[in-house]
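Chain residues, written in single-letter form:
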Amino acid sequence: MANYFNTLPLREKLNQLGVCDFMDSSEFLDGVNALKGKKLVIVGCGAQGLNQGLNLRDSGLDVSYTLRAAAIESKRDSWKNATENNFKVGTYEELIPTADVVINLTPDKQHTAVVSAIMPLMKEGATLSYSHGFNIVEEGTQIRKDLTVIMVAPKCPGSEVRAEYVRGFGVPTLIAVHPENDPQGKGLAQAKAYCVGTGGHKAGVLKSSFVAEVKSDLMGEQTILCGLLQTGSILSFDKMVEKGINAGYASKLVQYGVEVITEALKQGGITAMMDRLSNVAKIKAFEISEELKDIMRPLFQKHQDDIMSGEFSRIMMEDWANGDKNLLAWRAETGETAFEKTPAGDVKIGEQEYFDNYTLMVAFVRAGVELAFETMVDAGIKPESAYYESLHETPLIANTIARKKLFEMNRVISDTAEYGCYLFDQACKPLLSDFMKKVDTDLVGKNFNEGKDGAVDNRTLIEVNEAIRSHQVEQIGATLRKAMTAMKAIKTA
Amino acid sequence: MKKPVVHITNFNLKFQDKSVLKDLCWTINIGENWLLSGESGNGKTSLVKAIANLIPHYGTVKINFNTPSHLPAVVHYVSNWYQFKDLEGQSNFYYQQRYNKQVASTTNSVGSELRHFGQQNHLNIDTLNPILVALGFEHLLAATLIELSSGEHKKLQLIKAIWLKPQLLILDLPYNGLDSASRRNLNLLLDDLVEDGTQLILISNESEMPSSINRFAKIEGGKLVETAEMQHSINLYTEALIPLPSFFEEKQWPASKSHLIKMIDVNVSYGDKKVLKNINWEVKPGEKWALQGPNGSGKSTLLSLICADHPQAFANNFYLFGNLRGSGESIWEIKERIGLISPELHWYFDPTATVWQSIVSGFYDSSGLFCDPGYTKRLQADELIHFFGLDDYKNTLMNQLPLGKQRLALLGRTIIKNPELLILDEPCQGLDQQQTIHFNKLIDELCKNGTTLIYVGHFESQLPDCIEKRIVLENGEVQVIEDILEAVSHT
Ligand SMILES: NC(=O)c1ccc[n+]([C@@H]2O[C@H](COP(=O)([O-])OP(=O)(O)OC[C@H]3O[C@@H](n4cnc5c(N)ncnc54)[C@H](OP(=O)(O)O)[C@@H]3O)[C@@H](O)[C@H]2O)c1
Ligand SMILES: [Mg+2]
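Computed from a predicted model, the values in this text were never measured in an experiment. (Residues numbered from 1 in each chain as written. Chains lettered and ligands numbered in written order. Predicted model: local features only at pLDDT ≥ 70, side-chain atom pairs only at ≥ 80, totals over all residues. Heavy atoms only, no water.)

A.B. asks: Teacher, can you tell me more about the overall build of chain A here?
C.D. replies: Across its full length, chain A holds 24 helices and nine strands. For 493 residues, the compact-globule estimate of 2.2 N^0.38 gives 23 Å, and the C-alpha radius of gyration of chain A, at 23 Å, lies within 12% of that figure. Its C-alpha atoms give chain A principal-axis dimensions of about 70 × 45 × 40 Å. Looking at chain A as a whole, 61% of its 493 residues are labelled buried. For chain A, the accessible surface area stands at approximately 17,400 Å², while carbon and sulfur atoms represent 52% of it. Positive and negative charge centroids in chain A, built from 55 and 66 side chains respectively, lie 4 Å apart. (Helix = DSSP H or I, 4+ residues; strand = E, 2+ residues; numbered from the N terminus. Rg over C-alpha atoms; globule rule 2.2 N^0.38 Å. Buried < 20%, exposed > 50% of the residue type's maximum accessible area, 1.4 Å probe, protein only. Areas by Shrake-Rupley, 256 points an atom, 1.4 Å probe, with all protein chains shown as cover. Lys, Arg positive; Asp, Glu negative; His and termini not counted. Charge placed at Lys NZ, Arg CZ, Asp CG, Glu CD.)

Right under this line is the structure:
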């Protein structure tokens, strides 16, 4: 199968990359009607499968699960998840032929196998839904022409999808209809109804395309979201230990620091995050993040180029074929880092202390978010999409690090993200080695303001503030965040 | 003379610029066990937290463990709130998560939690079992923390405290959520501790207490005032209810013969464990029910079915508002018609919402507010805030308020939309007696509109007058369904 994106003429490439429309809440007034009374059959009952299914059923839709025969026979966790919540479970043969909508929520790596098994069983004119477009775009899977193909991609982990729904809200969601598969023109209506069913319509919905979702999703997760958070965390921890900071303290600062720092990002963008620093620290963080941007720009561009050309997918799929040789080696290596192996110390770190003593991470986050955003936009991705895949998702991933460090992050994210994350991390660490040599404990481990008199030059401060606030990611962010008026504040540990 | 165990001088506490405790002094001598009662929000909790050295404070608090004792020389505080963490040390749980089964277990089991506590404090495991038995907890050792109900969490806190047997034990509203047998047994266990040398400070407004309590006090005008005995009922004034905001009269719910809730052989089980067994129950519009039964009898699970919070509703033959559950309705359509308060709703409620946001969120059944309610609803919220006497706290975050005030705000949230079905699961937890009486009167008044009511309360004396029927559960089975008036004439 050929990479779908590469088969398109340039005009159509740009066309699909540029699909991006922030939907008004009036677009969802029809509620779940387009799916009411239809049989929804979800393939797979993992993180997304179970939680999306619980929400869809609670919204009044008819949901059941189909699992591979082995999972049913050996009563695997996926089978238990479904049956213990009183869902009907059946084999592909039992359930797929009755389904009006088949929702594929298996791991991306399995999609080719899963889709080729279920497609022949699907009834004429049914709909196939995804939560990520990799299979369609990068693997170029061709779907039967009578079938409608849609995507509803929550921009959050499965547990959040459920937690936010239950509290009466939802998580921001991307929806798309595959232009090659919309024979009856019902795709968009169904995707919208699905989105209402999971609660996504309350938190902001972006109409996107399979192409735009995949290219931006891959870019975001490899660079700022997972890659840079991993690199930054490891380098910060090692620096502190090298400089004699207590390892337990360093471990706690790094583990929870990203979560606390990016909570400000979530509430008020880079501006709010930078404003948590004192004026002196803010100017310093600004200066080093500019430096970091210059150092890392070529790497971010290389990732974007490889994603656009399909080179990234090609080498990753090569690794799949190779029994995940690289992935497993890198995973093991991550598990062996000193940060991963040092438990967080039993010390109290106040909320403000996470900013004052971890200015370096604030700089990493600003540099990474802005670079990822800029690189995506330069490549033709619309600012709204670029915002979701960079700034918006950063706090969500930071949460997973707070839960159980990098191991947890890499467990929760998809295999594709994990692979891309390691790829970035491998290249980024050496790139930053000269920079890190100059870093001292005032930037990481100790209070930056300690021993400084706090005086700043007015003009410098005004310029810095201006540069931060006028960045495009801040402008677009302010608009999009308004749609997510209330977000749960994270409890600090 | 021996030094007093606790010696507090010139203790001061402020809340939002208002002085709550002012130059308070308190001496607790050897052999004294104190009961501290009185209205909620008057600084009791902060005072005892300062004794346990849990909060910064102005004034001196001296603790002397100067008697030779084999008990650990610690002050142990059992909070009126409970908290638990998952295996990663976080407590980001969501409302009703315990009913959504997910195989990967994220929390410790009760057994390993207790073992860990025992090891930390060098406790003898043999002394644990009698405590578990007394509080009916043995069967929960294998349960995970996320699966426990709020009453069970409360018991777990108490079990740890009793097992620890500290020299000074402070219990803040320990009876919240406990059934009467558990309360009795708790009191006996506490008396045993006292026998062994523990001293107690108890914050409570209940009439039952351990017999070892020998000193009584309340807080008045920011000072501690010793009283001869527990100061309740004597002072309770039967003050008339100020008129309910008029918008409550706009909705009247007509009585009807058809059922609002109808359960036919309803069962809920987790694996082999049956939590509800063949429940048959009908509730008609306008009926006022008390739902009773000991801890763990299935009350909360039953209510979670009605409130559309339990996935097993889909596997049962059960009609709600005239529709078979699972016939295409959304949970939000159901929730819209119900006003709910429960210990768990409180526990999982967004702690960073303001009082105003919390109350307004009742219009949308959400935890926290996600939209602009518009002019009319704003006005209604303001009226209700005034009615509950919460004007001063309108913009205060929930987690900044004492438990009783938080509870009042959530009660406002429960009734604000004047729903046709009110589900009040121990609504008055954390309130003082005056507030409880007041709230129940409010419910009586509200229910005159034809509202249907299901009220969970462990004690008859704490039910609103309008209650006319009762369903009692035990071990997941219906024990009794009866008219209360009849029941009274029986006895
Ligand atoms: N996780 C996220 O944060 C997130 C966010 C947005 C979108 N997504 C997308 O959601 C989809 C599902 O991801 P997930 O994280 O929910 O996956 P997951 O938790 O790993 O769940 C995978 C499910 O698929 C089943 N499965 C695995 N291999 C299979 C095969 N060969 N055939 C049939 N079933 C198979 C598994 O059950 P058994 O192994 O028991 O058969 C399991 O129930 C992906 O497309 C992902 O990109 C994920
Ligand atoms: Mg992603």
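A.B. asks: Would you mind going over the site of ligand 1 with me for this structure?
C.D. replies: Residues and elements named next belong to chain A. Among the 23 residues in the neighbourhood of ligand 1, the closest are listed as Cys45, Gln48, Arg68, Ser78 and Asp108. Between an oxygen atom of ligand 1 and a side-chain N or O atom of Asp108, the distance comes to 2.7 Å. Within the complex, 81% of the 900 Å² of free accessible area of ligand 1 lies under protein. Elements represented by at least two residues in the shell around ligand 1 include exactly α3 (47–58) and α7 (111–118). Class assignment of the residues belonging to the shell around ligand 1 gives a composition of 11 nonpolar, nine polar and three charged. (Near = heavy atom within 4 Å. Polar contact = N/O pair within 3.5 Å; in protein donor to acceptor, adjacent residues only side chain to side chain. Nonpolar A, V, L, I, M, F, W, Y, C, P; charged D, E, K, R; others polar.)

A.B. asks: Hey, could you run me through the domain arrangement of chain A in this one?
C.D. replies: When the parts of a complex come together, some accessible area is lost, and that lost area is often taken as the interface size. Residues and elements named next belong to chain A. Assigned domains within chain A: domain 1 (21–207) and domain 2 (212–483). Domain 1 and domain 2 are separated by 31 Å when their C-alpha centres are compared. Taken together, the contact between domain 1 and domain 2 spans 21 residues of the former and 26 residues of the latter. Here domain 1 meets domain 2 over a buried area of about 2,000 Å², counting both sides, of which 65% is carbon and sulfur. The largest share of the area that domain 1 buries against domain 2 comes from Lys109, Glu138 and Lys155, three residues that together contribute 34% of it. Seen at the junction of domain 1 and domain 2, the total is seven salt bridges. For Asp217, the salt bridge identified is with Lys155, shortest N-O distance 3.3 Å. The interface formed by domain 1 and domain 2 includes eight residue pairs in polar contact (both at pLDDT 80 or more). Broken down by secondary-structure element, the contributors of at least two residues to the side of domain 1 that touches domain 2 are α8 (134–137) and β7 (148–154). (Domains from an automatic or database assignment. Contact = heavy atoms within 4.5 Å. Buried area = accessible area lost by both parts, 1.4 Å probe. Salt bridge = Lys/Arg side-chain N within 4 Å of Asp/Glu carboxyl O.)

A.B. asks: Could you clarify how one ought to interpret the confidence of the model for chain A in this entry?
C.D. replies: Caution is warranted with low-pLDDT regions, since their predicted coordinates should not be read in detail. Mean pLDDT over chain A works out to 93, with 98% of the residues at or above the 70 mark. Low pLDDT (under 50) marks residues 486–493 of chain A, which in the prediction has 25 contacts with non-local residues, meaning those over four places away or in another chain. (pLDDT = per-residue confidence, 0-100.)

A.B. asks: Looking at this structure, I do not really get the side chain of Lys215(A). What am I missing?
C.D. replies: Residue and element names in this part refer to chain A. Tracing the backbone shows Lys215 in helix α11 (residues 210–242). There is a polar contact of 2.7 Å between the side chain of Lys215 and the side chain of Glu138. Side-chain polar atoms of Lys215 contact the backbone oxygen of Ile307, separated by 2.8 Å.

A.B. asks: How should empty space enclosed by the protein be read in this particular structure?
C.D. replies: Remark: the empty space left among the atoms is shown by a probe the size of a water molecule rolled over them. All names here are of chain B. A full pass over the atoms with the stated rule returns three cavities of 30 Å³ or more. Size it by volume and the largest cavity reaches roughly 330 Å³. If you trace the largest cavity, you find 24 residues lining it, with Asn176, Glu206, Cys428, Gln429 and Gln462 closest to the centre. Elements with a contribution of two residues or more to the lining of the largest cavity: α12 (433–446) and β17 (452–456). In terms of residue class, the lining of the largest cavity is made up of nine nonpolar, 11 polar and four charged. Domain assignment of the residues forming the lining of the largest cavity places at least three in each of domain 1 (6–235) and domain 2 (246–490). Looking at the second largest cavity, it is lined by 15 residues, and the ones nearest its centre are Asn80, Trp81, Tyr82, Pro343 and Gln429. (1 Å grid on protein atoms, 1.4 Å probe; cavity = no way out; pocket = protein on both sides within 12 Å on 5 of 7 lines; lining within 4 Å. Points joined across faces, edges and corners; volume = space filled by probe spheres on them.)

A.B. asks: Would you mind going over the interface of chain A and chain B with me for this structure?
C.D. replies: At the interface, 32 residues of chain A touch 26 residues of chain B. Contact between chain A and chain B buries roughly 2,800 Å² in total, counting both sides, with carbon and sulfur atoms accounting for 51%. Along the contact surface separating chain A from chain B lie one salt bridge. Between Arg167(A) and Asp350(B) there is a salt bridge, with its nearest N and O atoms 3.0 Å apart. At the junction of chain A and chain B, the tally comes to five residue pairs in polar contact (both at pLDDT 80 or more). Only α3, α5 (77–84), α9 (158–166), α12 (247–275) and α20 (394–412) of chain A provide two or more residues apiece to the side of chain A that touches chain B. Across the side of chain A that touches chain B, the residue classes break down as 11 nonpolar, nine polar and 12 charged.

A.B. asks: What exactly am I supposed to notice about helix α21 (residues 415–431) of chain A here?
C.D. replies: Along an α-helix, residues three or four positions apart point the same way, because every turn accommodates 3.6 residues. Residues and elements named next belong to chain A. Spanning 17 residues, α21 covers 25 Å between terminal C-alpha atoms, matching the ideal 24 Å at 1.5 Å per step. By the burial criterion, the buried members of α21 are Thr416, Ala417, Glu418, Tyr419, Gly420, Cys421, Tyr422, Phe424, Asp425 and Cys428. In this structure, the buried side of α21 is in contact with α8, α11, α13 (279–309), α14 (311–321), α15 (325–335) and α20. (Expected span 1.5 Å × (residues − 1).)

A.B. asks: Can you help me understand the packing of aromatic side chains in this one?
C.D. replies: Describing an aromatic ring pair means giving the distance of the ring centres and the angle of the ring planes. Summed over the entire model, instances satisfying the criterion amount to 19 aromatic pairs over all chains. Ring centres of Tyr165(A) and Trp332(B) lie 5.6 Å apart, and the angle between their planes is 70°; this geometry places the pair in the edge-to-face category. Separated into two different chains, Tyr165(A) in helix α9 and Trp332(B) in helix α7 (residues 331–335) make up a pair that spans both. The two residues Tyr165(A) and Trp332(B) agree in class, both being buried. Seen in terms of ring centroids, Phe117(B) and Trp163(B) are 6.3 Å apart; in terms of plane orientation they differ by 40°. Their pairing is tilted. Taken together, the positions of Phe117(B) in helix α2 (residues 110–120) and Trp163(B) in helix α4 (residues 150–164) put the pair 46 residues apart, joining distant regions of the chain. Comparing Phe117(B) with Trp163(B), the two get one shared label, buried. Among the aromatic residues, ring-to-ring pairing joins Phe312(A), Trp330(A), Tyr419(A) and Tyr422(A) into one connected group. The lysine or arginine in question, Lys335(B), covers the ring of Trp332(B), its NZ or CZ lying 5.9 Å from the ring centre. (Phe/Tyr/Trp six-rings, centres within 6.5 Å; stacked < 30°, edge-to-face > 60°. Lys NZ or Arg CZ within 6 Å of the ring centre and 35° of its normal.)

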